[in-house]
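# Architecture and fold: a report
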Amino acid sequence: MAVADRRLDTNSRDTKNDAAELWAEVLKCLKMRVSHEGFETWFAPTKGSTLKKEVIEVRVPNSFFAEWIGQHYSGEIGSALRSLTGRELTVSFRPRDVADAANLQRRNRFLGPVVRPEGYRLQARYTFTNFIVGESNRLACAASRNVAEHLGTTYNPLFVYGGVGLGKTHLIQAIGNHALSLHRNIKVYYVAAETLFLELIQAIEKNTRLEFKSKYRSLDLLLLDDIHYLVGKERLQEEVFHIFNHLHDASSQVVFTSDRPPKEIPTLQDRLVSRLGSGLVVDIQPPDIETRIAILKQKAALEERVLPQDVAYYIAVRVKSSVRELEGCLIRLFALASLNSKPITVEVAEEALKGLVAFPEPLDQNSIISTVAEQFGVTVIEIKGTRRTKQLALARQVAMYLLRKMLSPSLKEIGFCFGGKDHTTVMHAINKVERLKTQDVSFAARLEKLASRIRRG
Ligand code: ADP
Ligand code: MG
């Protein structure tokens, strides 16, 4: 206990060493309680940095680690600290990247406490208000809202599945937060399947299975995240099956999430598969471009930053697979802009995305047309259509000209891209743009800028 005694001398000269030693002890405890994979992923890259008063500050790689660890392991860390020090220390996770740390702080400041005491492990920032709805998640979101408002009566269980970073945890936590705002006294519990597994193992080891059971059985709303983790864990499946049956019989609501539908979770016992799928099963798909832009804008607004339309578009066209990736790009963009005291522009976005986006968009007709449309403030449908306002006609002619210069298709092919226009119309457009270029210097400069933007992708 020598380590603990020294460490708790809060007037100590060297809070750095104390924090490092204390956290190293915590890690030893966690290593025994957390799965090997979980430990290596989330805890191996962490380090105690300062210990002041009742707060130990721990360095983590980025804000995502901070949130993830808080969300999934706060119970384990708290009990390790208690058993080592005999006191209630608060852990403050600090991302190594300064800009990212400021970002996390800002987010938490604006969105209230990180963890709500009434709903264990519910983060206040995961709300329906903060969830952008598009075609890809409309049904999942509507079903989630409905469940939160009619606990245990409409869809029970609700099973939400979808790929990584598409908003499953956000939605399932939003259900908890919304339900709690409607009914103050209900018992809500959010738990990731991995944490449930740890709780179960502890209960078996410590002979506290009865407490474990009664904790789960007394809930009004159980939010069980990432249930695909049950694969190959027979004992856990058994337990989930019984917990679910009990809650269902008592008309308590259960919500599950997974990265795939119940039937596709291998080695899941048949009776559990049929239980999981017995209510409503809904999926979340990757968001479409409009939704991606809306998400980027909303995240920027939460950070109190303005994201210009062309920058939002630039990122949204390139980052398609997950919302988490979109967020990552935005964080990098803001960090780069602040560190270099630059405004937020497409050039900075290009820098921020370097190395993050695996495959640059190939130069194709769609990207040329959409970039021109965006620059002229019209839509792709309008530019390809037949309506002829002055602005639309010019946008169309410029797009035809750039297509010809950059991809060298035939006039007929260009006409085809624009809803089957005649090749003479295309010829006329190209000639007109050539003429304007020689007559109007500012038009020529604008055209050149547009072309280089398209080339950069
Ligand atoms: P999953 O659990 O499916 O892996 P998360 O719920 O953790 O994904 O989402 C990743 C990040 O993206 C979170 O910060 C979440 O708030 C955000 N997010 C996902 N979908 C949306 C959305 N439709 N609107 C706003 N934010 C979203
Ligand atoms: Mg998740």
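Residues numbered from 1 in each chain as written. Chains lettered and ligands numbered in written order. Predicted model: local features only at pLDDT ≥ 70, side-chain atom pairs only at ≥ 80, totals over all residues. Heavy atoms only, no water.

### Concerning the packing of helix α14 (residues 323-339) against helix α15 (residues 346-353)
Describing two packed helices takes the angle between their axes plus the distance from one axis to the other. Put simply, α14 and α15 touch, their axes get as near as 9 Å, and they point 120 degrees apart. With respect to α15, the axis of α14 lies oblique. Both α14 and α15 take part in a crossing whose hand is right-handed. Contacts from Cys329, Arg332, Leu333, Leu336 and Ala337 of α14 reach α15 at Val348, Ala349, Glu351, Ala352 and Leu353. When the residues that make up the contact of α14 with α15 are grouped by side-chain class, the tally is eight nonpolar, no polar and two charged. (Axes fitted to C-alpha atoms, helices over the stretch in contact; angles between N-to-C directions. Helix = DSSP H or I, 4+ residues; strand = E, 2+ residues; numbered from the N terminus. Parallel < 35°, antiparallel > 145°, perpendicular 65-115°, else oblique. Left-handed = near helix turned anticlockwise from the far one by under 90°. Contact = heavy atoms within 4.5 Å. Nonpolar A, V, L, I, M, F, W, Y, C, P; charged D, E, K, R; others polar.)

### A short note on the UniProt feature "binding site: ATP" (unreviewed entry) in the protein
Residues annotated by UniProt as "binding site: ATP" (unreviewed entry) correspond here to Gly165, Gly167, Lys168 and Thr169. Summarising the element assignment, Gly167 is placed in the loop between β5 (158-162) and α7 (168-182). Leave out the neighbours within four places in its chain, and Gly167 touches Phe131 and Ile284. With respect to the helices and strands, the residue Lys168 is situated in helix α7. (UniProt positions renumbered as here; feature names shortened; annotations may be inferred.)

### Structural notes on unusual backbone geometry
The residue after Asn156, namely Pro157, is reached through a cis peptide bond having omega 5 degrees. Inspection of the secondary structure puts Pro157 in the loop between α6 (138-149) and β5. Positive phi is not limited to glycine here, since Ser251 has a value of about 60 degrees. Mapped onto the fold, Ser251 is located in the loop between α10 (234-249) and β8 (253-258).

### A short note on the packing of aromatic side chains
The tally for this structure, following the rule as stated, stands at nine aromatic pairs. For the ring pair Trp23 and Phe93, a centre distance of 6.4 Å and an interplane angle of 80 degrees mean the geometry is edge-to-face. Of this pair, Trp23 sits in helix α2 (residues 15-33) while Phe93 sits in strand β3 (residues 90-95), and the two are 70 residues apart along the sequence. Through a chain of ring-to-ring contacts, three or more aromatic side chains come together here, namely Phe39, Phe43 and Tyr73. Lys233 extends its terminal NZ or CZ atom over the ring of Phe197, reaching a point 5.6 Å from the ring centre. Positioned above the aromatic ring of Tyr314 is the side chain of Arg318, whose terminal nitrogen or guanidinium carbon lies 3.8 Å from the ring centre. (Phe/Tyr/Trp six-rings, centres within 6.5 Å; stacked < 30°, edge-to-face > 60°. Lys NZ or Arg CZ within 6 Å of the ring centre and 35° of its normal.)

### Examining the site of ligand 1
Close to ligand 1 lie 19 residues; Ile132, Gly165, His170, Arg324 and Glu327 are nearest. Measuring from an oxygen atom of ligand 1, one finds a side-chain N or O atom of Thr169 at 2.8 Å. Within the side chain of Lys299, a nitrogen or oxygen atom sits 2.8 Å from a nitrogen atom of ligand 1. Among the elements of the structure, α7, α12 (289-302) and α14 are those that each provide at least two residues to the shell around ligand 1. Taken together, the residues of the shell around ligand 1 break down into seven nonpolar, seven polar and five charged. When we break the shell around ligand 1 down by domain, the ones giving at least three residues each are domain 2 (138-284) and domain 3 (289-353). (Near = heavy atom within 4 Å. Polar contact = N/O pair within 3.5 Å; in protein donor to acceptor, adjacent residues only side chain to side chain. Domains from an automatic or database assignment.)

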